[in-house]
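In case you want the letters, here they are:
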Amino acid sequence: MATTEHPSERVGSRVETTTEDAGEPGVLLLVGSSGGHLAQLLALRPWYERWRRCWVTFDTPEALSLLDGEELVPAHHPTTRNVPNLLRNAVLAWRVLRSRRVAAVVTTGAGVAVPFVVLARLRRVPTVYIEVYDRIDTPTLTARLCRPFLSAMLVQWDEQRRQYPEATVVGTLL
């Protein structure tokens, strides 16, 4: 993907630009990088399948395959130490949050989550962060950045509560 291209300009993108009807129930915004972060969100299917939902992730072949038939907003990547893409994703988050009635943002990270969590919280949209399965002894950078803006912090291991005493242990997703 070209770094100057906006995800909504790509063929097949499903970014909407109109505001949803206020009478409609809100949409669940599931935000996460592709790969393991996406896999952990997909493991929540029994919980989210009753919700209208929209996914924000990278448009990798794997993610596109796993989310076939789902509403998908492709995010800019890479996000690691990439300030221009952080700013592009902040604009994307603003557009998505403005064009939809979002009931909540749920994320497992990584970098793509930060602008969505911050802007959602500023709009008084509930934000939920699920710390990833494989970070038991140290917090992720994304969790540390998102933490002040969270409505709820969930962890998968009891040991993760050493870093997040306020978190709720939900058990392993994978």
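Scroll up a little and you will see the structure.
Please read all numbers here as calculations on a predicted model, not as lab measurements. (Residues numbered from 1 in each chain as written. Predicted model: local features only at pLDDT ≥ 70, side-chain atom pairs only at ≥ 80, totals over all residues. Heavy atoms only, no water.)

1. Section: the packing of aromatic side chains
Quick note on the threshold: For Phe, Tyr and Trp, rings pair up if their centres lie within 6.5 Å, where Trp contributes its six-membered ring, and each pair is then called stacked (planes under 30 degrees apart), edge-to-face (over 60) or tilted (otherwise). Any residue under 20% of the maximum accessible area for its type is buried, any over 50% is exposed, and the rest in between are partly exposed; the area is computed with a 1.4 Å probe on protein chains only.
Counted according to the given criterion, the structure contains three aromatic pairs. Aromatic pair Trp-47 and Trp-51: ring centres 6.5 Å apart, planes at 40 degrees, arrangement tilted. The partly exposed category is assigned to Trp-51, whose relative accessible area is 31%.

2. Points about the pairing of strand β4 (residues 102-109)
Note the threshold: Think of it this way: any DSSP run of H or I at least four residues long counts as a helix, any run of E at least two long counts as a strand, and we number them from the N terminus. When DSSP finds two or more bridges between two strands, those strands count as paired. By convention a crossover is right-handed if, when the strands point away from the viewer, the path from the first strand over the helix to the second runs clockwise.
The buried fraction of β4 is high, at seven of eight residues. The sheet contact formed by strand β1 (residues 27-32) and β4 spans six bridges and is parallel. Directly across from Val-31, in β4, lies its bridge partner Thr-107. Pairing of β4 with strand β5 (residues 127-130), which is carried by three bridges, proceeds in the parallel orientation. Paired with Thr-107 across the strands is Tyr-129, a residue of β5. Regarding the hand of the β-α-β motif, the stretch spanning β4, helix α5 (residues 113-122) and β5 is right-handed.

3. Some details on the side chain of Arg-53
Stated precisely, the cut-off is as follows: We define a polar contact as two N or O atoms separated by no more than 3.5 Å, with the added condition that, inside protein, one atom must be a possible hydrogen donor and the other a possible acceptor, whereas residues neighbouring each other in sequence contribute only through side-chain atom pairs. Every residue pair with non-hydrogen atoms within 4.5 Å of one another is taken to be in contact.
The topology assignment puts Arg-53 in strand β2 (residues 53-57). Of the polar contacts made by the side chain of Arg-53, one reaches the backbone oxygen of Tyr-48; its length is 3.4 Å. A polar atom in the side chain of Arg-53 sits 2.8 Å from the backbone oxygen of Trp-51. Ignoring sequence-local partners within four residues, the contact set of Arg-53 consists of Val-27, Leu-28, Leu-30, Tyr-48, Glu-70 and Glu-71.

4. With respect to the pairing of β1
In terms of burial, β1 is largely enclosed, as six of its six residues are buried. A two-sided burial pattern is seen for β1, the buried positions comprising Val-27, Leu-29 and Val-31 on one face and Leu-28, Leu-30 and Gly-32 on the other. Relative to β2, β1 is paired through four bridges, and the arrangement is parallel. When the sheet's bridge partners are listed, Leu-30 is paired in β2 with Trp-55.

5. So, the packing of helix α4 (residues 83-99) against α5
Short version of the rule: For helices, the axis comes from a line fit to the C-alpha atoms of the stretch in contact; other axes are also lines fit to C-alpha atoms, and the angle between any two N-to-C directions lies between 0 and 180 degrees. Each angle gets one of four labels, with under 35 degrees taken as roughly parallel, over 145 as roughly antiparallel, 65 to 115 as roughly perpendicular, and the rest as oblique. Should the near helix be turned anticlockwise from the far one by less than a right angle, the crossing is left-handed, and should it be turned clockwise, the crossing is right-handed. All amino acids are sorted into three groups, where Ala, Val, Leu, Ile, Met, Phe, Trp, Tyr, Cys and Pro are nonpolar, Asp, Glu, Lys and Arg are charged, and the leftover types, Gly among them, are polar.
At a closest axis distance of 8 Å, the pairing of α4 and α5 adopts a crossing angle of 40 degrees. Between α4 and α5, the angle falls in the class oblique. Here α4 and α5 pass one another in a crossing that is right-handed. Taken together, the residues of α5 that come into contact with α4 (itself represented by Leu-86, Asn-89, Ala-90, Leu-92, Ala-93, Trp-94, Val-96 and Leu-97) are Pro-115, Phe-116, Leu-119 and Ala-120. Looking at the contact of α4 with α5, its residues break down into 11 nonpolar, one polar and no charged.

6. So, the pattern of salt bridges
Short version of the rule: Each reported salt bridge corresponds to a side-chain nitrogen of Lys or Arg within 4 Å of a carboxyl oxygen of Asp or Glu.
A full pass over the atoms with the stated rule returns four salt bridges. Put simply, Glu-70 and Arg-53 hold a salt bridge, and the shortest N to O gap is 2.9 Å. Of this pair, Glu-70 sits in the loop between α3 (61-66) and β3 (72-74) while Arg-53 sits in strand β2, and the two are 17 residues apart along the sequence. Residue Arg-162 pairs with Asp-137 through a salt bridge whose shortest N-O separation is 3.3 Å. In this pair, Arg-162 sits in the loop between β6 (152-155) and β7 (168-169) while Asp-137 sits in the loop between β5 and α6 (141-146), placing the two residues 25 residues apart along the sequence. For the pair Arg-162 and Asp-137, a shared accessibility class is recorded, and that class is exposed.

7. A word on α5
Burial analysis of α5 places seven of its 10 residues in the buried class, which makes it a mostly covered element. Of all the positions in α5, only Ala-113, Val-114, Pro-115, Phe-116, Val-117, Val-118 and Ala-120 are classed as buried. Residues of α5 that are buried make contact with β1, β2, α4, β4, β5 and α6.

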